[in-house]
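Listed here are the chains, written in short residue letters.
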Amino acid sequence: VYAPEVYASSVQEKSFIMIKPDGIHRGLIADIIKRFEAKGYKLVAIKVMVPSKDLASKHYEEHAQRPFYPGLVTFLSSGPVVAMVWEGKDVIKYGRKMIGATNPLASTPGTIRGDYGIDVGRNIIHGSDSVESAQREIALWFGAGELAEYDLAMGKWVYE
Ligand code: UDP
């Protein structure tokens, strides 16, 4: 039975996914979006922007004490980035699988970082690593009114 209220409520979650400046400059936007879309996930927010240093610093604040932090913030705020929110069942954990390991050379071929990256500081894409970080990051990058609510027509062919 097609019951949109079932997949619309209990199993859906949102992840903050961001194509970093290297991904944009390397022409990977369409490929990355295509992977999430073809998987069955739903795009509910997207924007291109050059983030301020303040925004980039807040995004990576958990790494503030790490040696790579200043370079990471400079790199991210050089922009542009494509900031997105993708929604669907287990999108946080499974999105991380699609992205691959932090170090692209340790990422499995077939993942985004495994297919396209080499150095850890140029690993193309960010994805939230937990429900808590997803909520924090979505609120940091998007206003409440910027998330679209809609039923994806293919939903009934993706979810049973
Ligand atoms: N990073 C880096 N050098 C390091 C470790 C991390 O430049 O030695 C950068 C890299 O871009 C990574 C980001 O810091 O994506 C955040 O690190 P985290 O461990 O949270 O990895 P992720 O969640 O992105 O896989």
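Predicted, not measured: the structure shown is a model, and the values here were computed from it.

### Side note on the layout of surface pockets
Move 1: Within this model, the largest pocket holds a volume of roughly 560 Å³.
Move 2: Every residue lining the largest pocket is counted, 23 residues in all, and those nearest its centre are Lys20, Tyr60, His63, Leu72 and Thr102.
Move 3: Listing elements by their share of the lining of the largest pocket, those giving two or more residues are α5 (69–78), β4 (125–127) and α8 (131–141).
Move 4: Per-class residue counts for the lining of the largest pocket are five nonpolar, nine polar and nine charged.

### A look at the UniProt feature "active site" (unreviewed entry) in the protein chain
Move 1: Following the UniProt record, one finds the feature "active site" (unreviewed entry) at His126.
Move 2: Residue position: His126 is located in strand β4.

### Some details on the pattern of salt bridges
Move 1: The full count for this structure, using the stated rule, is eight salt bridges.
Move 2: Note that Glu87 is salt-bridged to Lys14, the shortest N-O span being 3.4 Å. Here the residue Glu87 occupies a position in strand β3 (residues 81–89), and Lys14 occupies one in strand β1 (residues 12–19), the gap between them amounting to 73 residues.
Move 3: Each of the salt bridges in this network shares a partner with another, and the network as a whole consists of Lys14, Lys42 and Glu87.

### Overview of the site of the ligand
Move 1: Lining the immediate surroundings of the ligand are Lys20, Tyr60, His63, Phe68, Leu72, Arg96, Thr102, Arg113, Val120, Gly121 and Asn123.
Move 2: Contacts to the ligand include Arg96, whose side-chain N or O atom sits 2.7 Å from an oxygen atom.
Move 3: Between the ligand and the protein, one listed contact pairs an oxygen atom with a side-chain N or O atom of Arg113 at 3.0 Å.
Move 4: Coverage of the ligand by the protein amounts to 80% of the 510 Å² it exposes when considered alone.
Move 5: Here the ligand is seated within the largest pocket.

What counts as what
- Residues numbered from 1 in each chain as written.
- Predicted model: local features only at pLDDT ≥ 70, side-chain atom pairs only at ≥ 80, totals over all residues.
- Heavy atoms only, no water.
- 1 Å grid on protein atoms, 1.4 Å probe; cavity = no way out; pocket = protein on both sides within 12 Å on 5 of 7 lines; lining within 4 Å.
- Points joined across faces, edges and corners; volume = space filled by probe spheres on them.
- Helix = DSSP H or I, 4+ residues; strand = E, 2+ residues; numbered from the N terminus.
- Nonpolar A, V, L, I, M, F, W, Y, C, P; charged D, E, K, R; others polar.
- UniProt positions renumbered as here; feature names shortened; annotations may be inferred.
- Salt bridge = Lys/Arg side-chain N within 4 Å of Asp/Glu carboxyl O.
- Near = heavy atom within 4 Å.
- Polar contact = N/O pair within 3.5 Å; in protein donor to acceptor, adjacent residues only side chain to side chain.
- Areas by Shrake-Rupley, 256 points an atom, 1.4 Å probe, with all protein chains shown as cover.
- Sits in = over half its atoms within 2 Å of the grid points.

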